[in-house]
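The lines below spell out each chain.
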Amino acid sequence: MDADRIARTLTRIAHEILERNAAPGDVHDLALVGIRTRGVPIAKRLAQLLRDIRGGDEVPTGTLDITLYRDDLMRHAVGPQPVVRKTEIPFSIDDKRILLVDDVLYTGRTIRAALDALIDFGRPKAIQLVVLVDRGHRELPIKADYVGKNLPTSPSQSVQVHLVEVDGRDEVEIAG
Amino acid sequence: MKRLLKGGRVVDPANGRDGVLDVLIDGDRIVRVGRDLPVEADIVVVEIPSGLVVCPGLIDMHVHLREPGQEYKETVATGTAAAVAGGFTAVACMPNTHPVNDNAGVTEYILKKAAEANLARVYPIGAVSRGQDGEQLADIAELRQAGCVALSDDGRPVATALLMRRALEYAGMFKMPVIEHCEDPSLKAGGVAHEGYHASTLGLHGIPGEAESIMALRDISLAELTGGCVHIAHMSARQTLDAVRYGKTRGARVTCEVTPHHLVLTDEMLVSPIPYDTNVKMNPPLRASEDRDAMLAGLADGSVDVIATDHAPHHYDEKHVEFDRAPFGITGLETAVSLCLDRLVHAGVISLVRLVELLSVNPAKILGVAGGSLAAGAPADVTILAPDLAVTVSVARMRSKAKNTPFDGWQLRGGVAATIVGGRVVYEGVGSLLQFLPPAL
Amino acid sequence: MKKDLLGIAELSSEEIYLILDTAEAMREIGQRPIKKVPTLRGKTVVNLFFEPSTRTRTSFEIAEKRLSADTLSIAVATSSVLKGETLVDTAMNIEAMSPDMIVVRHAASGACHLLSRICRSRIINAGDGMHEHPTQALLDAFTIREHKKRIDGLKVAIVGDLLHSRVLRSNVLLLTKLGAEVWVSGPRTLVPAGMERFGVRVSTSVEEAVADADVIMMLRIQQERMQGAFIPSLREYFTVFGMTAERVARAKPDAIIMHPGPMNRGVEIASEVADGPYSVILEQVANGVAVRMAVLYLLAGGQEGG
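Let us look at the structure shown here. Computed from a predicted model, the values in this text were never measured in an experiment.

Here we look at the overall build of chain C
- From N to C terminus, chain C includes 11 helices and nine strands.
- C-alpha extents for chain C along the principal axes are approximately 55 × 45 × 35 Å.
- Residue burial in chain C is summarised as follows: out of 306 residues, 60% are buried.
- Summarising the internal contacts of chain C: among those between residues at least 6 apart in sequence, 74% fall at separations of at least 24.
- Counting every atom, chain C has about 11,700 Å² of accessible surface; 52% of that belongs to carbon and sulfur.
- With 36 positive and 36 negative side-chain charges, chain C shows a spacing of 2 Å between the two charge centroids.

Remarks on the overall build of chain A
- Helices and strands together make up the secondary structure of chain A, namely four helices and seven strands.
- In chain A, the succession of α and β elements from N to C terminus is α-β-α-β-β-α-β-β-β-α-β.
- At 16 Å, chain A has a C-alpha radius of gyration in line with the 16 Å of a compact globule built from 176 residues.
- Principal axes of the C-alpha set define a box for chain A whose edges measure 50 × 35 × 30 Å.
- Residues counted as buried form 49% of the 176 residues belonging to chain A.
- Long-range contacts, defined as pairs at least 24 residues apart, comprise 68% of the intrachain contacts of chain A with a sequence gap of at least 6.
- As displayed, chain A has an accessible area near 8,400 Å², and 48% of this comes from carbon and sulfur atoms.
- The centroid of the 25 positive side-chain charges in chain A is displaced by 2 Å from the centroid of its 27 negative side-chain charges.

A few points about unusual backbone geometry
- Note the cis peptide between Asn 283 of chain B and Pro 284 of chain B, where omega equals 5°.
- Turning to its location among the elements, Pro 284 of chain B is positioned in the loop between helix 9 (260–264) and helix 10 (289–301).
- Even without glycine at this site, Lys 175 of chain B takes up a positive phi of about 55°.
- Looking at the secondary structure, you find Lys 175 of chain B in the loop between helix 4 (161–173) and strand 10 (178–180).
- Of note in the backbone geometry, Ala 229 of chain C takes a positive phi value of approximately 55° without being a glycine.

Overview of the environment of Ser 373 of chain B
Residue and element names in this part refer to chain B.
- The residue Ser 373 is located in the loop between helix 13 (352–367) and strand 16 (382–392) in this model.
- For the pair Ser 373 and Ala 300, spaced 73 residues apart in sequence, the C-alpha separation works out to 21 Å.
- Ignoring sequence-local partners within four residues, the contact set of Ser 373 consists of Asp 12, Ala 14, Asn 15, Pro 56 and Ala 378.
- In this structure the side chain of Ser 373 is engaged in a polar contact, spanning 3.1 Å, whose partner is the side chain of Asn 15.

Regarding the side chain of Asp 214 of chain C
Residues and elements named next belong to chain C.
- Along the chain, Asp 214 turns up in the loop between helix 7 (206–210) and strand 8 (215–218).
- A distance of 3.0 Å separates polar atoms of two side chains, one belonging to Asp 214 and the other to Lys 252.
- Among residues more than four places away in sequence, those in contact with Asp 214 are Lys 148, Leu 154, Lys 155, Lys 252, Asp 254, Ala 255 and Ile 256.

Remarks on helix 8 (residues 234–241) of chain C
Residues and elements named next belong to chain C.
- For helix 8, the full list of buried residues reads Leu 234, Tyr 237 and Phe 241. Buried positions in helix 8, seen along its axis, are confined to an arc of 55° and lie on one side of it. The exposed set on the far side of helix 8, more than 90 degrees from its buried face, consists of Arg 235 and Thr 239.
- Looking at the buried side of helix 8, the elements it contacts are strand 5 (155–159), strand 6 (181–185), helix 7, strand 8 and helix 9 (245–248).

Description of helix 8 (residues 238–249) of chain B
All names here are of chain B.
- Taking 1.5 Å per residue as the helical rise, helix 8 with its 12 residues ought to reach 16 Å, and the 17 Å between its terminal C-alpha atoms agrees with that figure.
- Taken as a whole, helix 8 has its buried residues at Thr 240, Leu 241, Ala 243, Val 244 and Gly 247. All buried residues of helix 8 project into a common sector of 155° when viewed along the axis, lining one side.
- On its buried face, helix 8 sits against helix 7 (210–226), strand 13 (229–232), strand 14 (253–258) and helix 10.
- Immediately downstream of helix 8, the backbone of Gly 251 shows phi near 85°, a positive value.

Details of the arrangement of the chains
- Contact analysis covers two pairs of chains in contact, and the most contacts occur between chains A and C.
- No part of chain A reaches chain B; the closest C-alpha pair between them is 25 Å apart.

Remarks on the packing of aromatic side chains
- By the definition in use, this model includes four aromatic pairs over all chains.
- An angle of 70° between the planes, with centres 5.2 Å apart, marks the rings of Tyr 197 of chain B and Phe 198 of chain C as edge-to-face. Residue Tyr 197 of chain B is located in helix 6 (residues 197–202), and its partner Phe 198 of chain C is located in the loop between strand 6 and strand 7 (201–203); the two belong to separate chains.
- Ring centres 4.9 Å apart and planes at 90° place the aromatic pair Phe 407 of chain B and Trp 410 of chain B in the edge-to-face group.
- On the basis of relative accessibility, which here comes to 21%, the residue Trp 410 of chain B falls in the partly exposed class.
- The side chain of Arg 135 of chain A reaches across the aromatic face of Tyr 106 of chain A, ending 3.8 Å from its centre.
- Its guanidinium or amino end placed over the ring of Trp 183 of chain C, Lys 155 of chain C lies 4.4 Å from that ring's centre, counting from NZ or CZ.

Some details on the interface of chain C and chain B
- In this assembly, 21 residues from chain C lie in contact with 18 residues from chain B.
- Both faces combined, the contact of chain C with chain B buries some 1,600 Å², and carbon together with sulfur accounts for 62% of it.
- When the area that chain C buries against chain B is broken down by residue, the three leading residues are Ser 109, Ala 193 and Arg 197 of chain C, summing to 27%.
- Our count for the contact surface shared by chain C and chain B stands at zero salt bridges.
- In this structure, the connection of chain C to chain B is made through five residue pairs in polar contact (both at pLDDT 80 or more).
- At the level of elements, helix 3 (87–95) and helix 4 (111–118) of chain C are the ones that each hand at least two residues to the side of chain C that touches chain B.

Procedures and definitions
Residues numbered from 1 in each chain as written. Chains lettered and ligands numbered in written order. Predicted model: local features only at pLDDT ≥ 70, side-chain atom pairs only at ≥ 80, totals over all residues. Heavy atoms only, no water. Helix = DSSP H or I, 4+ residues; strand = E, 2+ residues; numbered from the N terminus. Buried < 20%, exposed > 50% of the residue type's maximum accessible area, 1.4 Å probe, protein only. Contact = heavy atoms within 4.5 Å. Areas by Shrake-Rupley, 256 points an atom, 1.4 Å probe, with all protein chains shown as cover. Lys, Arg positive; Asp, Glu negative; His and termini not counted. Charge placed at Lys NZ, Arg CZ, Asp CG, Glu CD. Rg over C-alpha atoms; globule rule 2.2 N^0.38 Å. Polar contact = N/O pair within 3.5 Å; in protein donor to acceptor, adjacent residues only side chain to side chain. Arc of directions from axis to C-beta. Expected span 1.5 Å × (residues − 1). Phe/Tyr/Trp six-rings, centres within 6.5 Å; stacked < 30°, edge-to-face > 60°. Lys NZ or Arg CZ within 6 Å of the ring centre and 35° of its normal. Buried area = accessible area lost by both parts, 1.4 Å probe. Salt bridge = Lys/Arg side-chain N within 4 Å of Asp/Glu carboxyl O.

Spelled out as structure tokens, the structure:
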């Protein structure tokens, strides 16, 4: 996917979000939580897009670092610990409809960790999952509600998402 | 039995000899030393391979044998076995045993154990004060009669100037030197290491060099006052060496000794290779490189009289604790010769002749015992050194019961080929080319 | 990170920054409604304190619990050591029950080095004798960075009983490693030998030490120091070295005042300074939990078998 494609995809997702959360009151309950690292700029862009389309207040956006919830931390115990960054969710998630945002959905373990983390913050009314790319090979029963693009891959390949905010350019490429 | 040690380099400074010579031994005495001695039928000839050195038996005048009372650390038997393995034909043992050697009973006990072991000669050093308590003089004449050759309250200094004065005067009657552990107790306080940068980085209480030199100055002044003989034990601080030089120029009868570890190591060992290694904890502590270098200079210029090990065996459990709690002391009998040959002779600090003076001639003179010489009629105490032998220090193979040494694994150039006490071969080094034992008859 | 945290001496500046950055992330957890993450779930951490401590021990306990570790505190003074058990044996008995980490505080310098040689568990030094107290220095650095945004180039004055202080040694090592200009001040009798070699300026004038300082750190002075003839009296100590408002005025106007605690009010620090607007003493305590969480997390991974 090139930059243009990514932009159009995110716009399409924004519209889908508004369609599915069209019941009265739903839209006011929306909040975005981006999973570090690249889920964060995507979440911020979606917040901007939602505001552009709908007008009104900006959708509250938070960032979530799931490192401490990973299920593979102490397993192999070789090499240094993964770096932990700050989690910032400056609003209550109780009774909110949380849109959890990540760049690539693969085994589903990251999302599982994110769900555990969110539950510790409060009790949302609903959690919906937004991903830019779904590359298949799920190891847990996790499904995205909004998918930018389905990219079937083999396990030996890797999907690299590049975003301007982090990498200086917008691009999704498959390597290997 | 007559034995001829043929063709080795004989280093015998007491008799002005250094050259390829033969040594004829009959029974427990030296008969003759000379060039190409005639070989008669009843003489067993031992060809000394070139490179080996034949010298008067080495004497370690500062050793802790721990018996009676602390046999779990060392015994007279294991200590003298370690001694001969280290090339020493005689040791002088300190009186800080349990009970203290302040009476004939303990002295005779030690001598009995030495006779049973029948390895190195043992010269007991008696206590200066009863119980080493620093209050009353011990029965010095009795100690002399029983076989003590010197006096010391080692482990601590003689408690007061007055008592030291009396000791020097009284012991002087019997020509016994007072061997002093120089240390001002109040300056030493709770110190466990040399006061300096390294102790500070580790958070260890320090002992300044002046704690030693202040007491040395006291004792040297008293030696001058009384005409007695004081021998400064295990000197470590350059200030102390300055005091000794001062005393000698004033004509005081002062002599001094340095240990091999104070000639080789510095307080940097506290930090590296093993931080807080209790095998580098001893009193006096390892000091700064300036002190170590001063000691080396003192060896070379003659200010230092003796090298003695202060062999201080401790049980592994006692040393396997926090640094503060570990007892002071490391072993030395089985590492001394290799360290001295490698770090002093091969390093060019002193000659082999001077080393023999430091390890044999001078200790014999100071203690007033036979030895230090290969003159005709002298006891046949002979050490055969292998100055080029490649040695890897191995604690596992040591004869001492104790393993508290920082030198395990060190690779040194120089070792002991054989040790002969009273004409008997009591130790033969591994890798020795000499065949001492006659073929089975 | 290595297997153990024995002191700042073994840490590189990169590792120090990693701990501080991780502590930032950990701090946020203490602000959530549920102050817990599952990271050290199933790990056992033993707090082995041979010296009494409320502050440090509680801080470690809370940090461990926030990471969901199973934690156990042992105040050894009352138990086996009184029965004559050695440090080595006490530790090996604990080790036989397979803890993952042992946090140790002991009165002997080097106690943690000894334990790290014989224990497979990771050892965290919570203060050993006069040697180091690395987590204290780390939380102090965290606090300084919070207020001053950096460490390098700051002038830091540390005042008090330098000789007996493990907090001093750890802080000096850390601050000089990170490029601060460190001044230490205290009675001449309490300056460790070779102090200049630590890369600090030494002054027996506290006024000189705090002039234009960005950070003033006070150390405890204890009653016992009169026994070693180190100082004549606590009263005199306060007159010459006590941190009063007048002395603080010589520092930069926004200088922060720090103290590892517990404080002796009126001895090393005047109450008005301890409770004043630039005192960050209570923040230090709060930051201690986050910093210790960071240390526990970073040490929990790493190579097996050290």
